[in-house]
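# Architecture at a glance
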Amino acid sequence: MKTTSIVSASALALAGILAASGAQAQTRDQIRVVGSSTVFPYSQAVAEEFAKQTKRKSPVVESTGTGGGFKVFCQGVGPAHADMTGASRAMKKSEFAECVKNGVTDITELQIGFDGLSIAVSRKNNFDWNLTEREIFLALAAEVPDEKGEKLIPNPYKTWNQINPKLPNTKIEVFGPPPTSGTRDAFVELTMHDGCDALPYFKELKKKDAKAWNTACSRMRQDGPFIEAGENDNLIVQRLQSDPNTMGIFGYSFLYENQDSLKAVKVEGVAPTFETIADNSYKIARPIFFYIKNAHRNVIPGMPEFIAEYVSDNALGKSGYLAERGLTVLPDATRKKVQDAAKSAAKLAEPQS
């Protein structure tokens, strides 16, 4: 939550745009939400509750990925442009600059909770999976150190037992998010980078050339074992259900909602749960966000009511319906700050990175 500013001039500017394009304005009797596939089920649940409570049309919610969501959100102000976007990471400085360039200058950032990046397999898979971040990196990185640890080579590992003899002799096949996804960004930063640092070669490289380290530690392999599955995490879930030897990477809500058919792969001995995500004992957890275009707030029908529903105790509270969908909720005091920021249209300051 950054500095506070109530919607005024930007909303009036949008009202002028709408008035000048009456026919187009008539096509915008629905709120439009884009963004993260991780935040998508939460936004969808709020949209359904909003429609039930207000009898208005349910907002249109699209799963575009975090990066794709910011791209759409920042395209401009007016009925042709999205009103809000969900994100599984904070907005970047470059994305903020793109928004400002296109006249989207008044944005509210709300952290709605926490999410654990889950690695999952089918319950038909009988192995008790427990991977270290080092093993995950060696399975999925584009390049790894050679046997002597002297140079990088294209990743040669094809089966899990080639990385650790205690792991099964099964093909490495992991379905995960594309580069436009905030889940991909978070997975690289929280898992791949830590796994990278567990290898002596990369520790030395980091001291000598941080830029080269970042490039080498961030590149996912493209020779088959890692498969980009698009922004629809339900497709990953379906693939795991049909093939017990594959793994998938997605937000905790998708594992939680499919726990009858899927199970978690432990990371460093810890499985993702509401408790381990909240107390940071599960290593690959992250905050998740919702962004509001304040110029649209008092012009697009139903936006104030939708925002109020999104941050309500009924949605974000410990016993709220988003917790039932898999959201790890905020502490009470933090949730109150989020509610205050949503109500006052707290204005996002330029991100530092």
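For the structure given in this document, a descriptive report is provided here. All values derive from a computational prediction rather than experimental measurement.

Cut-offs and rules
- Residues numbered from 1 in each chain as written.
- Predicted model: local features only at pLDDT ≥ 70, side-chain atom pairs only at ≥ 80, totals over all residues.
- Heavy atoms only, no water.
- 1 Å grid on protein atoms, 1.4 Å probe; cavity = no way out; pocket = protein on both sides within 12 Å on 5 of 7 lines; lining within 4 Å.
- Points joined across faces, edges and corners; volume = space filled by probe spheres on them.
- Helix = DSSP H or I, 4+ residues; strand = E, 2+ residues; numbered from the N terminus.
- Nonpolar A, V, L, I, M, F, W, Y, C, P; charged D, E, K, R; others polar.
- Phe/Tyr/Trp six-rings, centres within 6.5 Å; stacked < 30°, edge-to-face > 60°.
- Buried < 20%, exposed > 50% of the residue type's maximum accessible area, 1.4 Å probe, protein only.
- Polar contact = N/O pair within 3.5 Å; in protein donor to acceptor, adjacent residues only side chain to side chain.
- Contact = heavy atoms within 4.5 Å.
- Disulfide = S-S within 2.5 Å.
- Salt bridge = Lys/Arg side-chain N within 4 Å of Asp/Glu carboxyl O.

### Description of the layout of surface pockets
Quantified by volume, the largest pocket comes out at close to 350 Å³. As for the largest pocket, its lining consists of 18 residues, of which R89, A90, D185, A186 and E189 are closest to the centre. Counting residues per element, the ones that place at least two in the lining of the largest pocket are α7 (182-197), α9 (210-218) and β13 (285-293). Tallying contributions element by element places α7 first for the lining of the largest pocket, with 6 residues. Residue composition of the lining of the largest pocket, by class: 8 nonpolar, 5 polar and 5 charged. If you go around the second largest pocket, you meet 14 residues; those closest to its centre are L138, P145, D146, E147 and Y157. Among the secondary structure elements, those contributing two or more residues to the lining of the second largest pocket are α6 (133-140), β6 (143-145) and α8 (200-208). Among the residues making up the lining of the second largest pocket, the classes are represented as 10 nonpolar, 1 polar and 3 charged.

### Looking at the packing of aromatic side chains
According to the stated counting rule, one finds 13 aromatic pairs in the structure shown. Here the aromatic rings of F306 and Y310 are separated by 5.8 Å at their centres, their planes lie at 90°, and the arrangement is edge-to-face. Placement of the pair is F306 and Y310 together in helix α13 (residues 303-310), with a separation of 4 residues, close to one helical turn. Comparing F306 with Y310, the two get one shared label, buried.

### Concerning the side chain of N258
By the element assignment, N258 lies in the loop between α11 (252-257) and β11 (262-264). Polar contacts involving the side chain of N258 include one to the main-chain carbonyl oxygen of F254, which spans 2.7 Å. Beyond its immediate sequence surroundings of up to four residues, N258 is in contact with V237 and Q241.

### A word on the state of the cysteines
One pass over the structure, following the stated rule, counts 2 disulfides. One disulfide bridge connects C196 with C217, the sulfur atoms lying 1.8 Å from each other. In this structure the cystine formed by C196 and C217 twists about its S-S bond by roughly -45°; its chirality is therefore left-handed. You can see C196 sitting in helix α7 and its partner C217 sitting in helix α9, a full 21 residues away along the chain. Per residue, the accessibility class of C196 equals that of C217, and both read buried.

### Side note on the pattern of salt bridges
Side chains that differ in charge, positive against negative, can pair when their charged atoms come close. With the rule as written, the count across this model stands at 18 salt bridges. D29 serves as the salt-bridge partner of K57, at 3.0 Å between the closest nitrogen and oxygen. Taken together, the positions of K57 in the loop between α3 (40-54) and β2 (60-61) and D29 in the loop between α2 (22-26) and β1 (32-35) put the pair 28 residues apart, joining distant regions of the chain. Looking at K57, the relative accessible area reads 48%, which means it is partly exposed. For E49, the salt bridge identified is with K52, shortest N-O distance 3.4 Å.

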